[in-house]
Amino acid sequence: MRQSLSENSITYIHPPERATRNWRPASRAVLLAIVLSAVLVVVAIIDQAGGRSIADHAAAIYAPNGKRPDPGLLYGLVYAVAAFGAVLWLLVLRVVQSRGRSAPILTVVVTTVTAALALLLLVSSEYGAQIFPPLWGVLAILPAAAGILAAVLLRSGRRVRGR
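What you see is a predicted model; the values in this text were computed from it and never measured. Going along each chain's sequence as written, the residues are numbered from 1 onward. With pLDDT at 70 or above as the cut-off, local features in this predicted model cover only qualifying residues; side-chain atom pairs require 80 or more to be listed or tallied, and sums for whole chains, interfaces and linings still use all residues. The basis for every side-chain value is the complete set of non-hydrogen atoms in the structure, without hydrogens or water.

## What about the overall build of the protein?
Moving on, step 1. Under the scheme used here, helices are H or I runs from DSSP no shorter than 4 residues and strands are E runs no shorter than 2 residues, and both carry numbers assigned from the N terminus. A tally of regular secondary structure across the protein gives six helices and four strands.
Moving on, step 2. Across the protein, helices and strands are ordered from the amino to the carboxyl terminus as α-β-α-α-α-α-β-β-α-β.
Moving on, step 3. The buried label applies to any residue whose accessible area, calculated with a 1.4 Å probe on protein chains only, is under 20% of its type's maximum; exposed applies above 50%, and partly exposed to all values in between. When burial is assessed residue by residue, the protein has 37% of its 163 residues classed as buried.
Moving on, step 4. Between two residues, a contact is recorded if the distance between any of their heavy atoms is within 4.5 Å. Restricting the contact set of the protein to residue pairs at least 6 apart, pairs at least 24 apart contribute 75%.
Moving on, step 5. Under the convention used here, a 1.4 Å probe and the Shrake-Rupley method define accessible areas, while residue burial counts only the protein chains that appear. Split by element, the accessible area of the protein, about 10200 Å² in all, is 64% carbon and sulfur.

## Quick notes on unusual backbone geometry
Moving on, step 1. With a phi angle near 55°, arginine 52 is a residue other than glycine that sits in the positive phi range.
Moving on, step 2. Turning to its location among the elements, arginine 52 is positioned in the loop between helix 2 (23-51) and helix 3 (53-62).
Moving on, step 3. Note on arginine 52: relative accessible area 31%, which makes it partly exposed.
Moving on, step 4. Phi is positive for tyrosine 127, close to 55°, though the residue is something other than glycine.
Moving on, step 5. Its place among the elements puts tyrosine 127 in the loop between strand 2 (125-126) and strand 3 (129-130).

## Some remarks on the side chain of aspartate 47
Moving on, step 1. With respect to the helices and strands, the residue aspartate 47 is situated in helix 2.
Moving on, step 2. Within 3.5 Å is the distance limit for a polar contact, defined as a pair of N or O atoms, with the added protein rule that one can donate a hydrogen and the other accept it, and that residues adjacent in sequence qualify only through two side-chain atoms. Polar side-chain contacts of aspartate 47 include one of 2.5 Å to the side chain of tyrosine 75.

## Side note on the packing of aromatic side chains
Moving on, step 1. We call Phe, Tyr and Trp rings a pair once their centres come within 6.5 Å, taking the six-membered ring for Trp, and we label the pair stacked below 30 degrees between planes, edge-to-face above 60, and tilted otherwise. Here the structure, examined in full by the defined rule, presents one aromatic pair.
Moving on, step 2. Ring centres of tyrosine 62 and tyrosine 127 lie 5.6 Å apart, and the angle between their planes is 90°; this geometry places the pair in the edge-to-face category. With a gap of 65 residues between them, tyrosine 62 in helix 3 and tyrosine 127 in the loop between strand 2 and strand 3 connect regions that are remote in the sequence.
Moving on, step 3. With relative accessibility at 44%, the residue tyrosine 127 sits in the partly exposed group.

## Remarks on the environment of alanine 33
Moving on, step 1. Along the chain, alanine 33 falls in helix 2.
Moving on, step 2. For the pair alanine 33 and threonine 114, spaced 81 residues apart in the sequence, the C-alpha separation amounts to 10.0 Å.
Moving on, step 3. Not counting residues within four places of it along the chain, the set of residues in contact with alanine 33 comprises Trp89, Pro143 and Ala146.

Next up, the structure:
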């Protein structure tokens, strides 16, 4: 029997490739951001109890101007930045673990917010000097660095042929 030309030519059409996200590594990166936020709190507690680097640094800045800084306010700002960041990262962790569609976007938003808060600690100045020692800004920006890693992991996925 004769076959028509359309039946004779077989066209192989591959189903479109879809990206699978790196959910587990991204979840670990978000956990790292939460841990780094907690580390900031712990280091601040230790510093407030003993080292007092923030209080001494601020006193050195304000003393020539006849002002006395409130160490409680300064440590409170560090605690607020760390706690707010940790709460945001817990929200991101919940969305990432549930594999929500908004996970990559939420990760970028929270990374941006935590980085902005860290930059606030890093660059805030008065009387021509930084209020916080640079170490505190660096410690505060570490969770945002982990957030960048999580965002990259969520954005890039290996390609898998359609299932």
